[in-house]
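Next come the chains, spelled out residue by residue.
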Amino acid sequence: MKRRYSITIALSISLFIYVFFRSEKTLVNELIVYVFSFPAYMSVKSAIVNRMPLPDTIIFSLPGGLWMFCVTAVSQGFYIKIKQYEVNVWMLPIQFALGLELCQLAELTNGRFDIWDIVFYLLFWLLAYGVYRSNSSKQNIAAPFTLHGFLCLACFLSVYLAHVNQ
């Protein structure tokens with residue numbers, strides 16, 4: 001399957017789970033409520049949740065794993081130059097996700113530490129790395145700035161849509 005199709009499918013599944021199975025206070029859901037109205041959103045959400053119950057592991061860990069898959073697949077072949085060092089961008093998602101889980105464990109940030117999150121992160125990171133390993137030459141993500149580089153950065157930034165407003 002081509003990379004763009006697998007990424008589109010993975011992000012669509014993740015979005016579906018967030019919209020219909022996560023809190024209404026999630027940023028992406030607040031945007032949907034803004035566009036459609038809270039009663040309309042809740043009506044559709046209730047119908048879907050009642051017809052398709054999902055286990056908590058799927059609701060709370062799978063979207064992170066799917067995000068990990070997408071951002072790792074998209075970031076293959078990119079690096080960031082920091083002084084004289086080249087940092088492979090495909091390494092950043094797993095470091096970010098594991099760092100966030102450790103911060104949750106240490107209660108330094110909001111959220112709940114979950115070992116299943118780590119399992120999903122690692123599995124999907126390894127899958128994306130194995131399937132989409134780039135043999136082409138590496139490119140600085142910012143110079144020249146390309147559409148592929150923009151999509152990679154957008155995939156990284158899409159994690160903000162999962163933010164829960166209090």
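Note that the structure is predicted; figures quoted are calculated from it, not measured.

Trainee: Quick question: what am I supposed to make of a nonpolar patch on the surface here?
Mentor: On the surface, Phe 145, Leu 147, Phe 150, Leu 151 and Leu 153 cluster together into a nonpolar patch covering about 500 Å² of accessible area. Within the secondary structure, Leu 151 is located in helix H8 (residues 147–157). Taking the relative accessible area as the measure of exposure, Leu 151 reaches 46% and is therefore partly exposed.

Trainee: What's the story with the pairing of strand E2 (residues 85–88) in this structure? I'm lost.
Mentor: Looking along a regular strand, one sees side chains alternate from face to face of the sheet. Sheet topology note: the strand E1 (residues 78–82)/E2 ladder contains 4 bridges and is antiparallel. Within E2, the position partnered with Ile 82 by the bridge is Tyr 85. The loop that links E1 with its antiparallel partner E2 comprises 2 residues; one of these, Lys 83, has a positive phi angle of about 55°.

Trainee: Could you clarify how one ought to interpret the packing of aromatic side chains in this entry?
Mentor: Enumeration according to the criterion identifies 10 aromatic pairs in this entry. Connected via pairs of aromatic rings, a cluster forms that spans Phe 16, Phe 20 and Phe 21. The lysine or arginine in question, Arg 22, covers the ring of Tyr 18, its NZ or CZ lying 4.2 Å from the ring centre.

Trainee: For this particular structure, what's the right way to read the nonpolar core?
Mentor: Side chains that are nonpolar tend, in soluble globular proteins, to be buried together. Judged by nonpolar contacts, the single largest core of 34 residues is most densely connected at Met 68, Phe 69, Phe 124 and Cys 152. Those elements giving two or more residues to this core turn out to be helix H1 (3–21), helix H3 (38–51), helix H5 (62–75), helix H6 (92–105), helix H7 (115–132) and H8. In terms of residues, this core owes the most to one element, H5, which gives 9 residues. The residues contacting Cys 152, other than those within four sequence positions of it, are Val 71, Val 74, Ser 75, Phe 78, Val 89 and Ile 141.

Trainee: I'm lost on the sheet that holds strand E3 (residues 139–140) in this one. Help?
Mentor: Taken in spatial order, the 3 strands line up as E2-E1-E3 in an open sheet, and their pairing is mixed. Two strands bound the open sheet, and with one partner strand each, they are E2 and E3. Inspection of the sheet shows E1 paired to E3 by 2 bridges, in the parallel sense. If you follow Tyr 79 over to E3, its bridge partner there is Asn 140.

Trainee: Before we go on, may I ask you to explain the confidence of the model for the protein in this structure?
Mentor: Any segment with low pLDDT has predicted coordinates that should not be analysed in fine detail. Averaged over all residues, the pLDDT of the protein is 89; the fraction at 70 or higher stands at 95%. Confidence, read as mean pLDDT per element, is least for H8 in the protein (81) and greatest for H3 (96).

Trainee: Before we go on, may I ask you to explain unusual backbone geometry in this structure?
Mentor: In most cases, non-glycine residues show a negative phi, while peptide bonds are predominantly trans. Unlike most non-glycine residues, Ser 37 shows phi in positive territory, near 110°. In this structure Ser 37 comes out as partly exposed when scored by relative accessible area, which is 30%.

The rules behind each value
Residues numbered from 1 in each chain as written. Predicted model: local features only at pLDDT ≥ 70, side-chain atom pairs only at ≥ 80, totals over all residues. Heavy atoms only, no water. Patch = residues over 30% accessible without salt bridge, like charges linked within 9 Å, V, L, I, M, F, W, Y side chains within 5 Å. Areas by Shrake-Rupley, 256 points an atom, 1.4 Å probe, with all protein chains shown as cover. Salt bridge = Lys/Arg side-chain N within 4 Å of Asp/Glu carboxyl O. Helix = DSSP H or I, 4+ residues; strand = E, 2+ residues; numbered from the N terminus. Buried < 20%, exposed > 50% of the residue type's maximum accessible area, 1.4 Å probe, protein only. Pairing = 2+ DSSP bridges. Phe/Tyr/Trp six-rings, centres within 6.5 Å; stacked < 30°, edge-to-face > 60°. Lys NZ or Arg CZ within 6 Å of the ring centre and 35° of its normal. Core = buried A, V, L, I, M, F, W, Y, C linked by side-chain atoms within 4.5 Å. Contact = heavy atoms within 4.5 Å. pLDDT = per-residue confidence, 0-100.

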